[in-house]
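# An overview of the molecular structure
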Amino acid sequence: LKNVLRFGTQMMLSDFGSTLFLKSILDINAIGGSSATICPSILPPELVAKIDLSTDGFKFDQFRSYWKHVSDDADGIRLLTPHERQLISKIIASHKKGENKKGENSMKQSWRGDISSSLETIEFRDLPQVLSSCGSVHRFSLIWERMCANNRLWDIVRPRVDMTNRCAYMLKTFEDRDDNHVHDISKLPYTLINPSEKVDVWVFGIFIYQLCSGGNPFHTGYQGDLRGVDAYSRLHHWNKVEADKSIREHIQDPLAQDLLRRILLPASERLPNMTAVLRHPFFSPTSTEAERYLEKHEEMQLLRENTVVVSKVTGVTSRMLEDSMEKYSRIAFSTDRIAFPTCFVVLPYGLQLDETQNRYCAVPSPEYASCAERLGKCLLEINKATARMSFWMRMNDKIRDPRNGDNFKSQMQEWIKRARVEPCSAVAKEIVKSLGLGPNYNLLCEEILAFDGSISKAKSYMKNPLRAARKAIGQNADSLADMYPSLNLYLIDEDTMMPSHVDERFSPYPLRIHFDRSLFKNALLPFINIAVMKALARGRFHGLAALLGFPPSFIIPDSWKASEPGLLHSSESSDSIEEFVLLQKVVRKDDLQSLWDDASVNSSYSGSRSAGSYSDIRSFSNLSLHSSPSIYLSEGDPVIASVPMIHLELLFREFDPDRHFNNLRRVSRGVEESSPGLWTVNETINDLHEAMELADIEDQLQELMLDYEKKKNTEIELQNLVQRKKVVKMQLSRQGFPFHKEIFHSKDSIDEEFEAQVPGDNNAKNDPSAGEARANPKPTGELYQDDGTKIVTHRMRYSDPDSTSDEGGEKKKSKKMRKSKRKFRPWFGAC
């Protein structure tokens, strides 16, 4: 804020004197030239480079070599104290003004004498040679000014080394000053950053942050420099979580918070230009859009009050939190700030409390009887269509592989032939494995091999998986919409994945909403599909039945069982649900665009309804790059993707303004908004608190298991190293290595300690004499080859006629020999 002046409550920009053309005279279209004024504290993360000194140390040397002309001058300047530098600059300035009117010789002696007398720690001749060899004050002045400028520049561009993590950070700068030689930027260890509006957006965001908070997001000095390697590291690794934390702690204005959450981000997530920035309601605080943001801020405040933080949870609970509906909603609808539960189901019939089961069950009625089976069937078909899309997208990628596509098609021919005579299950496993998919896809692949095209829809999915899935999902969405005379929205307890119940006299739930086809298909159904995936992962068909409010006595119909190949989800892993969420997000992209434009959404799907024959499905030899076009999966504009979330937000504001949420509360492991959370009842929350001791025990057990595994691996490695050392010493002895020298003769204490601890070596523990013999080995010099032949070296033990076979006597004799040998010096051995 150096160019901002404050007059009372008014502020204005004083000048733009530091502005420069971004394109330098060297025709390098990049930011970070040394000719510009560089202020590290306002630079975006993409302008900070990181070098791993353990693996890329040569890059660090490249950087030092590139800036050597600058660092050498800086090193010369830093030989002087700050006071000496200030005095020399004053002396040069006075002599340049001609204040000393003496003759040329006397002036020469004068300026040298003045500078020499100003030096406190060194003499004039000890200055860098480029200075001490100067013959005139003018020449000295030019070099001094250059060195001072390079000293200031080096303080900015020099690398910041993190010795703890063995890495270095530096700004992506380059030399482009007029009075310097041209330096080859290809020798820099990083790629320069081109000018872009996103860089301007970041700088503007820092400006807004400083205005609203009075400080910088990073540790900075008075002159706008980043202080310490930690500041550079934090800027380089800056992400959305760090930004949200810093903004929430230091910015009070909710509109400014929301604006900065969109600006102070990595380049890929940042608003693209200033036009998008200025459209934000921060610049029009009285607009309708600003009011919506303020309402959202209040709702997030209420959400924090309604969130219960559990510091320690068991492994099962941890998986449930990671598998929360909130997590999938963030992926599906491109939003981070969700202030309400998103796990719900919309039913065309009512539910009532079954006190014997303590759960909501469907009320027997004509509506329930006519649509119960069809409702589940349509939801299962939407899930199965997504599963088929996932399978055929992977098949499409394999076939279009420019390197191995032809080989894969030939292999498919072999699999198809085998499937006619062998069990399809075995062939399906091989195909699924070759596609890199999990065994949960086996049934889906087996269905394609075993049935004709009218069942597996293989022909349409093979041609264009995205279009085929969109058609199938659209048809089932239309069938669902035809079942609803009205909408009954029930919130789901994510602990049980069943509709939550509470006395309707004290709750607005279930929300009874007038039926709107577009609202149901494009705003509510996407959430229901994700809830269905979670229910299927939890309990397969019975999990879906419980989600839809069917009684425990409900018998799974055969029409549901036909969708079993699409049941890919498991409570052990959330990967398949995440993939399905993204695929359905792509499928509904066009429909949401029309909903955003307030146009009617018509379910018109082109394509023939006729299915291929059995032989058509198995004609993989006819596949080519032209018959399997590349499918571009784009998630589209995040604003468009968030349309269902916006509609749900407005729906809760209208029907549940008091944020009752059927007495459900949010549970999370952290206070940050990014921490995943699920919605459940108070009884479950109390159980979580009571299980904290169990969770603590699980954590301790896990740590002990890690320590145990680490110790076991260390013991194995220790044993291998000790054995390896023995082998190496044996090899060296065979080659005549001089182990007889005293420098090699004494056994290392480290050997004694480690060999005594080698697992499985029990002699030292149980036999004291064996331990002593190991600690004091006999210098027999006897080595053996692999075939058992003795190798005689120059260190032989001479035979003693007085020696006996008694073990004690042999030990006594060996001790005397070792004692006598230590009296000799190594050079006697050479004699």
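Everything below is about the structure shown above.
Summary of the structure given here. None of the values given here were measured: they were computed from a predicted structure.

With 112 residues, the main nonpolar core has Tyr 349, Phe 391, Leu 548 and Trp 560 as its most contacted residues. Among the elements that take part in this core, helix H22 (residues 517-547) stands out by supplying 18 residues, more than any other. Here Tyr 349 is in contact with Ala 362, Tyr 368, Cys 371, Leu 375, Asn 488, Tyr 490, Leu 548 and Phe 550, once residues within four sequence places are set aside. Ile 31, Phe 218, Ile 263 and Leu 271 belong to the second-largest nonpolar core, a separate cluster that totals 38 residues.

Turning our eyes to something else, we now look at a nonpolar patch on the surface. Together, Ile 697, Leu 701 and Leu 704 line one region of the surface with nonpolar side chains, adding up to about 290 Å² of accessible area. Within the secondary structure, Leu 704 is located in helix H30 (residues 692-734).

Bringing the pattern of salt bridges into the picture now. The full count for this structure, using the stated rule, is 38 salt bridges. The shortest N-O distance in the salt bridge between Asp 225 and Arg 227 comes to 3.0 Å. Using a relative accessible area of 23% as the deciding quantity, one classes Asp 225 as partly exposed. Glu 326 is the salt-bridge partner of Arg 666, the closest N and O atoms lying 2.8 Å from each other. Note that Arg 666 is positioned in strand E13 (residues 665-668) and Glu 326 in helix H14 (residues 325-333), a separation of 340 residues in sequence. Residues joined in a network through salt bridges with shared partners are Glu 289, Arg 292, Glu 295, Lys 296, Glu 299, Glu 649, Arg 653 and Arg 659.

Moving on: H14. In terms of burial, H14 is a largely internal element, eight of the nine residues being buried. Within H14, the full set of buried residues consists of Met 325, Glu 326, Lys 327, Tyr 328, Ser 329, Arg 330, Ala 332 and Phe 333. Ser 334 lies just past H14 and shows a positive phi near 50 degrees.

The tally for this structure, following the rule as stated, stands at 25 aromatic pairs. Through pairs of rings, three or more aromatic residues link up here, namely Trp 111, Phe 124, Phe 140 and Trp 144.

About the criteria used
Residues numbered from 1 in each chain as written. Predicted model: local features only at pLDDT ≥ 70, side-chain atom pairs only at ≥ 80, totals over all residues. Heavy atoms only, no water. Core = buried A, V, L, I, M, F, W, Y, C linked by side-chain atoms within 4.5 Å. Buried < 20%, exposed > 50% of the residue type's maximum accessible area, 1.4 Å probe, protein only. Helix = DSSP H or I, 4+ residues; strand = E, 2+ residues; numbered from the N terminus. Contact = heavy atoms within 4.5 Å. Patch = residues over 30% accessible without salt bridge, like charges linked within 9 Å, V, L, I, M, F, W, Y side chains within 5 Å. Areas by Shrake-Rupley, 256 points an atom, 1.4 Å probe, with all protein chains shown as cover. Salt bridge = Lys/Arg side-chain N within 4 Å of Asp/Glu carboxyl O. Phe/Tyr/Trp six-rings, centres within 6.5 Å; stacked < 30°, edge-to-face > 60°.

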